[in-house]
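Residue-level structure breakdown
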Amino acid sequence: MKTVVLLKRAMLAAALAGCVSETPETERSDAAGVEEVQASQLALDLGIAGSLSGRVGRWRRDGANYCSAVFLPDHLLEADSDSNWVLTTEDCAYDMNATYSVVATTGVVANVDKIYKHPLADWHLAYLEGSGKVNIALAHLATTVHLDTPPMAFSYFRAERSAIQESALDDEVWGFSYDNTATVKPDPTHKAYMKVTGVVWDPIVGDEGGPVWQSAHPNGEWTLEGLYAVGLGSIHTSSFAAWVTGALTCGPFDPSEPDLVFCSPTCKCGVGEGDCDSDFDCKSGLVCGSNNGLLAGLPASYDVCVEPGARQSSSASGYCASIGGCQIYEGNCNKQADCKEGLVCRPDVGFAIGESDTTNVCDLPWTPGLKAFNVDRVSTQGRCTVDEPCALGDGDCNINDHATCRGFLKCKENVGHHFGFANNGVDVCVHPDFY
């Protein structure tokens, strides 16, 4: 996959001037029945919206229809017919032990081999913002899908939404869904105001993970305004466009597949990402470290981008904001913006860095191969493993094997009560300075 990404970097960067589950192949390309293909083909006769329906896929979990998804073209600014990526909600891909696949309207089935969750897809992180989680997952397909959709010009992401008025939003907005005959169909009867800054919104009817298109773009192009999510009405692209664009431009950072050429002056790395060769390979304000790969769970010989200077933390509310943003394993943050770019503000894990229990700490987001954070604080012995290590402030790790914790973190014995576990016998991953 990396070879393909490298070939695209220069082209995408010029044209455009931020959690993974391994899933084996489980379906054949002819898995969809003839009647399903025929029914899906009906959507292509529904005018412009019908043409767009060719980019809607059926998201399957363990072989059963589960949600919808939208195929993303490999080049974000061209509606080409080949796709290796789909976008759906994180709710549709939450089960890391399941296998997933996507069915195109042509009946072709593509198995999902990687799932990347948005850094704020976990509610315990996003609640600090007061706006709910960013319910988005980007899935890579094991095979390229050729879509039966005519070439047409439309934009996937609009950079500026604040100037768009309500009157423009209430114009040709479609949610997509599958009915009982498996037809992909636009639903023009349900108009919707999308959730944007300064604009009210109403729920839109559709299938979970399905796209919401509209044509209010100044150039008359079609725009993916968001995805439909049950209970949220819709998720606007303003909350995830930059993350998806960055991932498709330079490739998602994937520590489960270490890459010696991931960072470059064209595709600069963020904190905890590598391997870098010089400071020019890192984003502004960061430097390229030396043999510090264990910080992010990479090989020890890897060089990853970090902020220069000594660690500094305080339990005082607003501390990170007062110093212009905290770095990895520093606190106290009150929201994501209090952390340096690429980090998340993890609530109530301060004991892991030597601060009060209720201190929020800037941490690396969930990445491939990492155990999903135990937000319910349920005690399960042996939950953290070498194959799926736990993050800062999470347990139950193995005190005899620190590799059950992410990177250079260490497993501290019997400290569960500091992190909200009812059972104090839970062992938790902490910063090595406070082991």
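This text follows the structure it describes.
A brief structural summary. (Residues numbered from 1 in each chain as written. Predicted model: local features only at pLDDT ≥ 70, side-chain atom pairs only at ≥ 80, totals over all residues. Heavy atoms only, no water.)

Below, the discussion takes up the nonpolar core. If you look at the biggest cluster of nonpolar residues, it comprises 51 residues, and the most contacted ones within it are Ile328, Tyr329, Leu343, Cys362, Leu392 and Phe419. At the level of secondary structure, the elements contributing two or more residues to this core comprise β14 (305-306), α7 (319-322), β17 (361-363) and β19 (428-430). Broken down by element, this core gets its largest block of residues, 3 residues, from β19. Ignoring sequence-local partners within four residues, the contact set of Leu392 consists of Tyr329, Arg346, Val349, Ala352, Ile353, Val361, Asp363, Phe373, Leu409, Cys429, Val430 and His431. If you look at the next biggest cluster of nonpolar residues, it comprises 21 residues, including Tyr116, Leu125, Ala229 and Ile235. (Core = buried A, V, L, I, M, F, W, Y, C linked by side-chain atoms within 4.5 Å. Buried < 20%, exposed > 50% of the residue type's maximum accessible area, 1.4 Å probe, protein only. Helix = DSSP H or I, 4+ residues; strand = E, 2+ residues; numbered from the N terminus. Contact = heavy atoms within 4.5 Å.)

Strand order in this closed barrel of 6 strands is β1-β2-β3-β6-β5-β4, and the pairing throughout is antiparallel. The sheet shows a mean angle of 40° between the axes of neighbouring strands, taken without regard to direction. With 5 bridges joining them, strand β5 (residues 109-117) and strand β6 (residues 137-146) adopt antiparallel strand pairing. Considered in β6, the bridge of Ile115 is made with Ala139. Of the strands in this sheet, β2 (64-72), β3 (82-88), β5 and β6 are in contact with helix α6 (residues 241-250), which crosses β6 at around 45°. (Pairing = 2+ DSSP bridges. Axes fitted to C-alpha atoms, helices over the stretch in contact; angles between N-to-C directions.)

Moving on to unusual backbone geometry. Following Gly331, the chain continues to Asn332 via a peptide bond in cis, the omega torsion being 15°. Turning to its location among the elements, Asn332 is positioned in the loop between β15 (330-331) and β16 (344-346). Along the chain, Gly395 connects to Asp396 via a cis peptide bond; the corresponding omega equals 20°. Residue position: Asp396 is located in the loop between β17 and β18 (410-412). A positive phi is found at Tyr329, a non-glycine position, where the angle reads about 65°. Classification of Tyr329 by relative accessible area gives buried; the value is 1%. If you check the backbone angles, Asn414 has positive phi at about 55° while not being a glycine. Mapped onto the elements, Asn414 comes out in the loop between β18 and β19.

Before going further, it helps to examine the state of the cysteines. For the structure shown, the criterion picks out 11 disulfides. Cys276 shares a disulfide with Cys288; S-S distance 2.0 Å. Looking down the S-S bond of the Cys276 and Cys288 bridge, the torsion is 95°, so its handedness is right-handed. In this pair, Cys276 sits in the loop between α6 and β13 (287-288) while Cys288 sits in strand β13, placing the two residues 12 residues apart along the sequence. The pair Cys276 / Cys288 is uniform in exposure class, with both members buried. (Disulfide = S-S within 2.5 Å.)

A few words on the sheet that holds β16. Spatial strand order, β15-β17-β16: 3 strands in an open sheet with antiparallel pairing. Either end of the sheet is taken by a strand with one partner, and the two such strands are β15 and β16. Sheet topology note: the β16/β17 ladder contains 3 bridges and is antiparallel. Directly across from Arg346, in β17, lies its bridge partner Val361.

Our focus in this paragraph is the packing of aromatic side chains. With the rule as written, the count across this model stands at 5 aromatic pairs. With a centroid separation of 6.3 Å and 45° between ring planes, the pair formed by Trp85 and Tyr116 is classed as tilted. In this pair, Trp85 sits in strand β3 while Tyr116 sits in strand β5, placing the two residues 31 residues apart along the sequence. Note on accessibility: Trp85 and Tyr116 belong to one class, buried. The lysine or arginine in question, Arg61, covers the ring of Tyr66, its NZ or CZ lying 5.2 Å from the ring centre. One cation-aromatic arrangement involves Lys117 over Trp366; the distance from NZ or CZ to the ring centre is 4.7 Å. (Phe/Tyr/Trp six-rings, centres within 6.5 Å; stacked < 30°, edge-to-face > 60°. Lys NZ or Arg CZ within 6 Å of the ring centre and 35° of its normal.)

Quick look at the pairing of strand β1 (residues 56-61) now. Among the 6 residues of β1, 5 are classified as buried, and the element is accordingly described as predominantly covered. Inspection of the sheet shows β1 paired to β2 by 6 bridges, in the antiparallel sense. Looking across to β2, one finds that Arg60 is bridged to Asn65. Connecting β1 to the next strand, β2, in antiparallel fashion are 2 residues, including Asp62 with a positive phi near 50°. Examined bridge by bridge, β1 and strand β4 (residues 100-103) share 4 bridges and lie antiparallel to one another. Bridging across to β4, Trp59 finds its partner in Val102.

By the element assignment, Asp122 lies in the loop between β5 and α4 (123-126). According to the relative accessible area criterion, Asp122 is buried, its value standing at 17%. Residues contacting Asp122, with those up to four places away along its chain left out, are Lys117 and Lys133.

Okay, the pattern of salt bridges next. Going through the model one piece at a time under the given rule, you end up with 13 salt bridges. For Asp254, the salt bridge goes to Lys114, with nearest N and O atoms at 2.7 Å. Separated by 140 residues along the polypeptide, Asp254 in the loop between α6 and β13 and Lys114 in strand β5 bring together distant segments of the chain. Neither residue differs from the other here; Asp254 and Lys114 are each classed as buried. Of the charged contacts, one joins Asp394 and Arg377 as a salt bridge, the two residues approaching to 3.4 Å between their closest N and O atoms. Of this pair, Asp394 sits in the loop between β17 and β18 while Arg377 is found in the loop between β17 and β18, placing the two residues 17 residues apart along the sequence. An identical accessibility class is assigned to Asp394 and Arg377; each is buried. (Salt bridge = Lys/Arg side-chain N within 4 Å of Asp/Glu carboxyl O.)

With that settled, consider the environment of Pro252. Take Pro252: it is sitting in the loop between α6 and β13. Here the alpha-carbon distance between Pro252 and Thr367, two residues 115 residues apart in the chain, equals 9.5 Å. Sequence-distant contacts of Pro252, that is, excluding residues within four places in its chain, are made with Trp85, Tyr116, Ala247 and Phe262.

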